[in-house]
Amino acid sequence: MNKMHRNSFARIAALIATCALLALLTFAAARPAEIKVVTSGAFTAAYLELVPEYQQATHNKLLTEFGPSMGTTHNAIPIRLDRGEAIDVVIMAAPALDDLIKQGKVRANSRVELVQSKMGMAVKAGAPKPDISTVDALKRTLLAAKSIAYSDSASGVYLSTELFPKLGIADQIKNKSKKIEADPVGGVVATGEFEIGFQQISELRPVKGIDIVGELPPGAQRVTVFAAGIPTTSTHPEAAKALIQWLASPANYATIRETGLEPAKSN
């Protein structure tokens, strides 16, 4: 297939996808609904930027709540579904979503990957920025830090159960490390309660009073895919499907990137 034909095929495919999405949005607009969405922190900034545009286009109202992808706190998404909470869309770390699908709590055919998220480290605004440019530098920074905070969701689970043991320092930093439950890690770093903190970069960015040192280096980084799904408790599954497809559409890639994420299917 020559270049001209490939370009023509790509334009036709894009047109078909756009028409299909518009048809779903038109359906949603014809039957306005209140759609309950629970999203984890990594996608929150992008989601909040996109909500007004979606509501204006469809006349649907999004009732939004927030909760981690995992853990045992009252607002954690798995705990919400355990108690039978009616939710139309969940947006969370893909491995945790896959677990809920296996448990029959989220419809398997509703799963759509939205973004890829990298982890970063932050310090209080104005504080010196330690070197984390290599795995060895990160290890030295962790050993030298007076206190370390990490999240109770995907990034924190990875750090505490995989990376710290892999670096051989889990026991050495255990007494000065803490999992921050239900609250942004950046918040406890901003107040000075913890010297350094780790979380998804998209979750650190909106927090005032911190400086993001940078991404974790190759060899220590864990890219997490965040995906959306429709719980079996959904009362508006068709409107939920339209919303998920709209969130994943190329029209929203620029907003997604501005919030420190990468679209899951941008290539």
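This text goes with the structure placed above it.
Residues numbered from 1 in each chain as written. Predicted model: local features only at pLDDT ≥ 70, side-chain atom pairs only at ≥ 80, totals over all residues. Heavy atoms only, no water.

1. Side note on the nonpolar core
Put simply, the test is: The nonpolar core is taken to be a set of buried Ala, Val, Leu, Ile, Met, Phe, Trp, Tyr and Cys residues, with the residues joined through side-chain atoms within 4.5 Å. Between buried and exposed lies partly exposed: a residue is buried under 20% and exposed over 50% of the maximum accessible area for its type, with that area taken using a 1.4 Å probe on protein chains only. Put simply, DSSP marks the helices as runs of H or I at least four residues long and the strands as runs of E at least two long, and each gets a number from the N terminus on. Pairs of residues are marked as contacts when any of their non-hydrogen atoms sit within 4.5 Å.
With 29 residues, the main nonpolar core has Ile-35, Phe-43, Val-89, Ile-91, Leu-243 and Leu-247 as its most contacted residues. Counting only elements with at least two residues in this core, the list comes to β1 (34–39), α2 (44–58), β3 (89–93), β4 (112–117), β10 (224–229) and α10 (237–247). Ranked by residue count, the leading element in this core is α10, at 7 residues. Those residues in contact with Ile-91 that lie beyond four places of it in its chain are Val-37, Val-38, Thr-39, Ser-40, Phe-43, Tyr-47, Ile-77, Leu-114, Ala-227, Ala-228 and Leu-247.

2. Points about the sheet that holds strand β6 (residues 148–151)
Definition in use: Two strands make a pair as long as DSSP finds a minimum of two bridges between them. Axis definition: a line fitted to C-alpha atoms, limited for helices to the stretch in contact. Angles are taken between N-to-C directions and run from 0 to 180 degrees.
If you trace the 5 strands from one edge of the open sheet to the other, you get β7-β6-β8-β5-β9, paired in mixed fashion. Of all strands in the sheet, those bounded by a partner on one side alone are β7 (177–180) and β9 (210–215). On average, adjacent strands in this sheet sit at an angle of 30° to one another, irrespective of strand direction. Relative to β7, β6 runs parallel, the two sharing 4 bridges. Considered in β7, the bridge of Ser-151 is made with Ile-180. Against the sheet, helix α5 (residues 135–144) makes contact with β5 (119–124), β6 and β8 (196–200), and its axis sits at roughly 130° relative to β8, the strand it touches most. Contacts from helix α6 (residues 154–167) reach β5, β6 and β8 within the one sheet, and its direction differs from that of β6 by about 120°.

3. Some words on α6
Keep this limit in mind: By this rule, a helix spans an expected 1.5 Å times one less than how many residues it contains. Two axes enter the definition of the bend at a residue: one is fitted to the seven residues ending there, the other to the seven starting there, and the bend is the angle between them.
The terminal C-alpha atoms of α6 lie 18 Å apart, and with 14 residues this matches the ideal 20 Å at 1.5 Å per residue to within 8%. Maximum bend of α6: about 35°, positioned at Ser-160. Of the positions making up α6, those classed as buried are Ala-154, Ser-155, Gly-156, Tyr-158, Leu-159, Leu-163, Phe-164 and Leu-167. Residue Gly-168 follows α6 closely and has a positive phi angle near 75°.

4. Describing α5
Filter applied, for reference: Picture the helix axis, draw a direction to every C-beta atom, and the arc is the one those directions span.
Within α5, burial applies to Ala-137, Leu-138, Thr-141 and Leu-142. Buried residues of α5, viewed axially, fall in a sector of 135°; they line one side. Residues of α5 that are exposed and point over 90 degrees away from its buried face: Asp-136, Arg-140 and Ala-144. Its buried side turned inward, α5 meets β5, β6, α6, α7 (170–173) and β8.

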